[in-house]
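So you can see what is in the structure, the chains are spelled out below.
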Amino acid sequence: MSNFSKILNWQGQRWRWLIPILLVLLFLATLIWLPWQAQRMEATDRQEQLIADTLWVEQAIQFQLNRNEEILRLIGAEIGGSHLSQQSVLERFRTLMKSNHEIQRIILFDENDLVLVSTSDGPLPPKETLIPPRGQSELAHGKTQCLPPFLGRNGKNLLSCHIPLVKDGQRLGSIVISYRLTGILDEMVPWWFAQDNQVSLIDADEKIYADRSAGGSGKNVYTHIRALDLPGTQLLLKTNSNKSEPKLLANLLVLSVVLLSLGLIWSLAALWRDINRRLAAEGALRTQVAFRTAMENSLVTGLRARDMEGRLTYVNPAFCKMIELPAEEIVGNLPPMPYWAPEALAEYRQRFTQLLAGTVPSEGFETIYQRASGERFPVLIYESPLVNENGVQTGWMSSILDISELKRAQELSRQQEEKLHVSARLATMGEIASMLAHELNQPLAAISSYTTGAVNLIRADNSDKELLLQALAKANVQAQRAGQIIRSVHEFVKKREPSREPVSIASVIDGAMPLIDLQAQPFYVAIQLVIAPNLPTVLADRVLLEQVLLNLTRNAIEAMQGNSPARRLLRIVAEMAASDQQPAAHATILVSVIDQGYGIPADVAEKLFSPFFSTKSGGMGMGLKICRTAIEFHGGTLTHQDNPAGGTIFSFALPVTEEARSLAGAPAVRVNA
Ligand code: ADP
């Protein structure tokens, strides 16, 4: 996926989430706002209700006070008309008081403010609390005047209103009515209102004169103050509801809204988690698929899948490379396949029938395939059933190994091994020669003594033929034994006669290289070849020289096993020997095998070429011995010296052939290692 489309995809995912998130936030905001708004509305409703009720109560009080004043003014008018005696005035006052318990006292004053009639006999409160100062215009016009509340002798706050009695512009006197302020509240405020509200009468400084709170004191949440319309003084009616603010959570709606919101948030979170998990799984799957594809593409093993009918459903690049055909040309095909070699068709068919019948070989089997070019190559095939997630088999999966390289290497190593055996046999010829001499010595000595005995018998003219025959027969037996020994040695050697022919050292090294490489690979030893150009040929047995190279390089590689990887370098140098070391007639080629191994200490150097001398636990101690024999067989020399860079240099010098010497004129070419 390109970066651009990744960004688009990412942004698409973001937008996909943004709208539901915004909607949910809006929903939640509405859910929170609604109960809050409902609460506010309820609070406003309560406040408005309180105001309306307070107004109503104020009106009721006002009405009652006005009514009392009206009645007293009527009585006053009758007094003015001189229709009433003082006694009947008193009775009229008392009648009024009976139906209005809030009235404390009613007093009738004459024009000089002297008491004419009073509803109680008790001493008068101070005059200034009853009669406003004279000279006020209101008095002149007969208007009622109330005085500020005062504390009466009974310990109650009292309010007095002064009603002047005027007739034809002349002052006749006045009536003063005193109210108990608590009485006003008790009598004039309806019980249901007092139950829900604390009602008080206060002045402008909030001083409380009367208070009624039947249902408990007010909560100061909903309050209202209204002035009573009393001429001359200011008295306020204060109501304070004993209801507190409406409770949010007590509201069932709020509770359900909160639960709903929680549920919504939870389900959204679960959805979010689920989607994230899916996205993560998808991502992991994509990575897995990419990983598997990379793995399949990097495999050198061919992979091939087939369905239950044998139709090819998948091949990996390694398989296509092997058979030199593109996947498009073979996937979907039914047998016979284009990579089947015609000569092996019968075998394939038989195997295929077995496979269809369900017999899958437990081990790999070898067969031949052909490339598009027609070239045949050996393959090793492993089959296994393909099973889907429900456990049902849907086909077969095979892995195919191209084993042509393996086969070639096996063949090469077999051949080299054979050569090695032959060379070893040959090289031990020297050993065998001494053994032969020792073995032959006995029968020859015996033959010699038997024949000497026979000669002596004949010379002595001894006619005992029997004795003569015995000696000759014994000599014959010994001669046969000697023949037997020689035949067995001949048998050993005759398998391959060393042949000497002109060979180039470069081709000998080339021939040995695959095996040297094979030896070096397991130990990660690097090999450096320095072969001087135009080297003359040598008269030699190629196989023996290869054997020598193999032995020397094997020792060199083994000596470097303990080295750090940087110091695992094996150098093979072929050059002309320095001409100053020999006359031109004896031109020789010098081949050196140079290692950086542990070197050869003096005590080891002494026994180096002795047969069966080895410092290695599994060593045979014959390698160097065979090498020296082989080189000397060619008229050359095998020597060793310490490598100045650490390690050892083994070198063998071989004389160049006569023809080569004459052709090349023997100018030695030397390449510095
Ligand atoms: P083997 O390989 O069985 O040990 P060889 O005749 O090849 O027999 O070698 C004899 C001994 O010479 C070895 O065991 C080893 O100690 C020593 N030797 C041979 N080549 C080297 C070398 N390149 N570096 C150090 N020591 C060597």
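Details of the structure are given in the entry above.
Please read these numbers as outputs of a predicted model, since none were measured by experiment.

Caption draft 1: Layout of the overall build of the chain. Counting its regular elements, the chain contains 17 helices and 22 strands. Every one of the 673 residues in the chain was classed for burial, and the buried ones make up 38%. Total accessible area on the chain is roughly 38500 Å²; 58% of this is exposed by carbon and sulfur atoms.

Caption draft 2: Broad picture of the site of the ligand. Among the 21 residues in the neighbourhood of the ligand, the closest are listed as Asn555, Ser614, Thr615, Met620 and Gly621. One nitrogen or oxygen atom from the main chain of Gly623 is found 3.4 Å from an oxygen atom belonging to the ligand. Here the ligand loses 98% of its free accessible area of 530 Å² to cover by the protein chains. Contributions of two or more residues to the shell around the ligand are made by α14 (542-559), α16 (623-633) and β22 (648-655). With four residues, α14 is the largest single contributor of residues to the shell around the ligand. Taken together, the residues that form the shell around the ligand break down as ten nonpolar, eight polar and three charged.

Caption draft 3: Fine view of the side chain of Ser178. Relative to the helices and strands, Ser178 is located in strand β6 (residues 170-180). Using a relative accessible area of 4% as the deciding quantity, one classes Ser178 as buried. Apart from residues no more than four positions distant in its own chain, Ser178 is found in contact with Glu102, Ile103, Gln104, Arg105, Leu130, Leu159 and Ser160.

Caption draft 4: Highlighting the sheet that holds strand β12 (residues 312-315). Reading across from one edge, β12-β11-β15-β14-β13 is the order of the five strands in this open sheet, with antiparallel pairing throughout. Bordering the open sheet on either side are β12 and β13 (365-370), each of which pairs with just one other strand. With direction set aside, neighbouring strand axes in the sheet form an average angle of 35°. In this structure, β13 lies alongside strand β14 (residues 376-387), joined through six bridges in antiparallel fashion. Residue Ile368 lies in a different strand from β14, and its bridge partner there is Pro378. In the packing of helix α9 (residues 345-356) onto the sheet, the strands contacted are β11 (302-307), β13, β14 and β15 (393-402), and the crossing angle to β13 comes to about 125°.

Caption draft 5: Quick peek at unusual backbone geometry. In the segment running from Pro335 into Pro336, the intervening peptide bond is cis, with an omega of 5°. Its place among the elements puts Pro336 in the loop between α8 (327-330) and α9. One non-glycine residue with positive phi stands out, namely Glu206, at about 65°. Within the secondary structure, Glu206 is located in the loop between β7 (197-202) and β8 (208-212). Positive phi is not limited to glycine here, since Tyr524 has a value of about 55°. Examined against the element boundaries, Tyr524 turns out to sit in the loop between α13 (505-520) and β17 (526-531).

Caption draft 6: Local environment of the packing of α14 against α16. Packing of α14 against α16 leaves a shortest axis separation of 9 Å and a crossing angle of 145°. Judged by the sense of rotation from one axis to the other, the crossing of α14 with α16 is left-handed. In contact with Leu544, Leu545, Gln547, Val548, Asn551, Leu552 and Asn555 of α14, α16 contributes Gly623, Leu624, Ile626, Cys627, Ala630, Ile631 and Phe633. When its residues are assigned to classes, the contact of α14 with α16 shows ten nonpolar, four polar and no charged.

Caption draft 7: Structural view of the nonpolar core. One finds Ile505, Leu552 and Phe652 to be the most contacted residues of the largest nonpolar core, which totals 42 residues. Of all elements in the fold, only α13, β18 (538-540), α14, β19 (569-576), β20 (588-594), α16 and β22 reach the threshold of two or more residues within this core. With residues near it in sequence (within four places) discarded, Leu552 still touches Val593, Leu624, Cys627, Leu638, Phe650 and Phe652. In this structure, Leu159, Leu201, Tyr209 and Leu235 belong to the second largest nonpolar core, which totals 37 residues.

Caption draft 8: Seen up close, the packing of aromatic side chains. Tallying each qualifying case throughout the model produces six aromatic pairs. Here Trp56 and Trp192 contribute two aromatic rings whose centre-to-centre distance is 6.0 Å and whose plane-to-plane angle is 40°, an arrangement assigned as tilted. Of this pair, Trp56 sits in helix α1 (residues 3-80) while Trp192 sits in helix α5 (residues 191-196), placing them 136 residues apart in sequence. Grouped by ring-pair contacts, the aromatic residues Phe319, Tyr339, Trp340, Tyr348 and Tyr369 constitute a single cluster.

Caption draft 9: Representation of the pattern of salt bridges in the model. All told, the structure shown has 20 salt bridges when counted by the stated rule. Note that Arg73 and Glu69 form a salt bridge whose closest N and O atoms lie 3.3 Å from each other. With Arg73 and Glu69 both in helix α1 and four residues apart, the pair spans about one turn of that helix. Residue class for Glu69 comes out partly exposed when judged on its relative accessible area of 21%. Residue Arg171 is joined to Asp113 by a salt bridge in which the shortest nitrogen-to-oxygen separation is 3.7 Å.

Caption draft 10: Molecular detail of the sheet that holds strand β9 (residues 223-228). If you walk across this open sheet you meet the four strands as β8-β7-β10-β9, and the pairing is antiparallel. The outermost strands of the open sheet, each flanked by one partner alone, are β8 and β9. Put simply, the sheet's adjacent strands are angled 20° from each other on average, direction ignored. Where β7 meets β8, four bridges bridge the pair, whose relative direction is antiparallel. Paired with Leu201 across the strands is Ala210, a residue of β8. Sheet strands touched by helix α4 (residues 181-188): β7, β8 and β10 (235-241). Its angle to β8, the strand with the most contacts, is close to 30°.

Caption draft 11: A nonpolar patch on the surface, seen in detail. On the surface, Trp15, Leu18, Ile19, Ile21, Leu22, Leu23, Leu25, Leu26 and Trp272 cluster together into a nonpolar patch covering about 930 Å² of accessible area. Per-element accounting of the nonpolar patch gives the leading share, eight residues, to α1. Here Leu25 lies in helix α1.

Caption draft 12: Representation of the side chain of Arg105. Take Arg105: it is sitting in strand β1 (residues 103-110). Asp121 is the oppositely charged side chain nearest to the buried, salt-bridge-free Arg105, at an N-O distance of 6.7 Å. Side chain to side chain, Arg105 and Ser118 meet in a polar contact 3.1 Å long. A polar side-chain atom of Arg105 sits 3.2 Å from the main-chain carbonyl oxygen of Pro123.

Caption draft 13: Here's a closer look at α9. Across its twelve residues, α9 extends 16 Å between first and last C-alpha, which sits within 8% of the 16 Å expected from 1.5 Å per residue. Looking only at α9, the buried set comprises Tyr348, Phe352 and Leu355. Along the axis of α9, the buried positions cluster into a sector of 60°, meaning they face one direction only. Among the exposed residues of α9, those oriented more than 90 degrees off its buried face are Ala346 and Thr353. Buried residues along α9 sit in contact with β11, β13, β14 and β15.

Parameters and conventions
Counting of residues starts from 1 at the beginning of each chain's written sequence and follows it residue by residue. Under the rules for a predicted model, residues below a pLDDT of 70 receive no local features and side-chain atom pairs below 80 are neither given nor counted, while totals for whole chains, interfaces and linings still include all residues. Each side-chain value is worked out from all heavy atoms of the structure, with water and hydrogens disregarded. Think of it this way: any DSSP run of H or I at least four residues long counts as a helix, any run of E at least two long counts as a strand, and we number them from the N terminus. Buried means the residue's accessible area, taken with a 1.4 Å probe over protein chains only, is under 20% of the maximum for its type, while exposed means over 50%, and partly exposed covers the values in between. Areas reported as accessible are Shrake-Rupley estimates using a 1.4 Å probe. Residue values count occlusion only from the protein chains shown. Proximity is defined per residue: if any heavy atom of the residue lies within 4 Å of a molecule or strand, that residue is considered near it. Pairing of N or O atoms within 3.5 Å defines a polar contact, subject to two protein rules: one partner must be a possible hydrogen donor and the other a possible acceptor, and residues neighboring in sequence count only if both atoms are side-chain atoms. Residue classes follow a fixed rule: Ala, Val, Leu, Ile, Met, Phe, Trp, Tyr, Cys and Pro count as nonpolar, while Asp, Glu, Lys and Arg count as charged, and any other residue, Gly among them, counts as polar. Here a residue-residue contact requires only that any non-hydrogen atoms of the pair lie within 4.5 Å. Note: two strands are recorded as paired if DSSP finds a minimum of 2 bridges between them. Angles shown run from 0 to 180 degrees and are taken between the N-to-C directions of axes, each axis being a line fitted to C-alpha atoms and, for helices, limited to the stretch in contact. Crossings are sorted by hand: turned counterclockwise from the far helix by less than a right angle, the near helix makes the crossing left-handed, and turned clockwise it makes it right-handed. The nonpolar core is taken to be a set of buried Ala, Val, Leu, Ile, Met, Phe, Trp, Tyr and Cys residues, with the residues joined through side-chain atoms within 4.5 Å. Any two of the Phe, Tyr and Trp rings considered here, Trp counted by its six-membered ring, make a pair once their centres fall within 6.5 Å; the pair's planes then place it as stacked at under 30 degrees, edge-to-face at over 60, or tilted in between. Whenever a carboxyl oxygen of Asp or Glu lies within 4 Å of a side-chain nitrogen of Lys or Arg, that contact is scored as a salt bridge. Patch membership requires over 30% relative accessible area and the absence of a salt bridge. Like charges are linked within 9 Å, and nonpolar side chains (Val, Leu, Ile, Met, Phe, Trp, Tyr) within 5 Å. Counted as positive: Lys and Arg. Counted as negative: Asp and Glu, with His and the chain ends omitted from the count. Helix span is expected to be 1.5 Å times the residue number reduced by one. Read the arc as the range of directions from the helix axis to the C-beta atoms.

Scope: geometric values only; no functional claims are made or implied.
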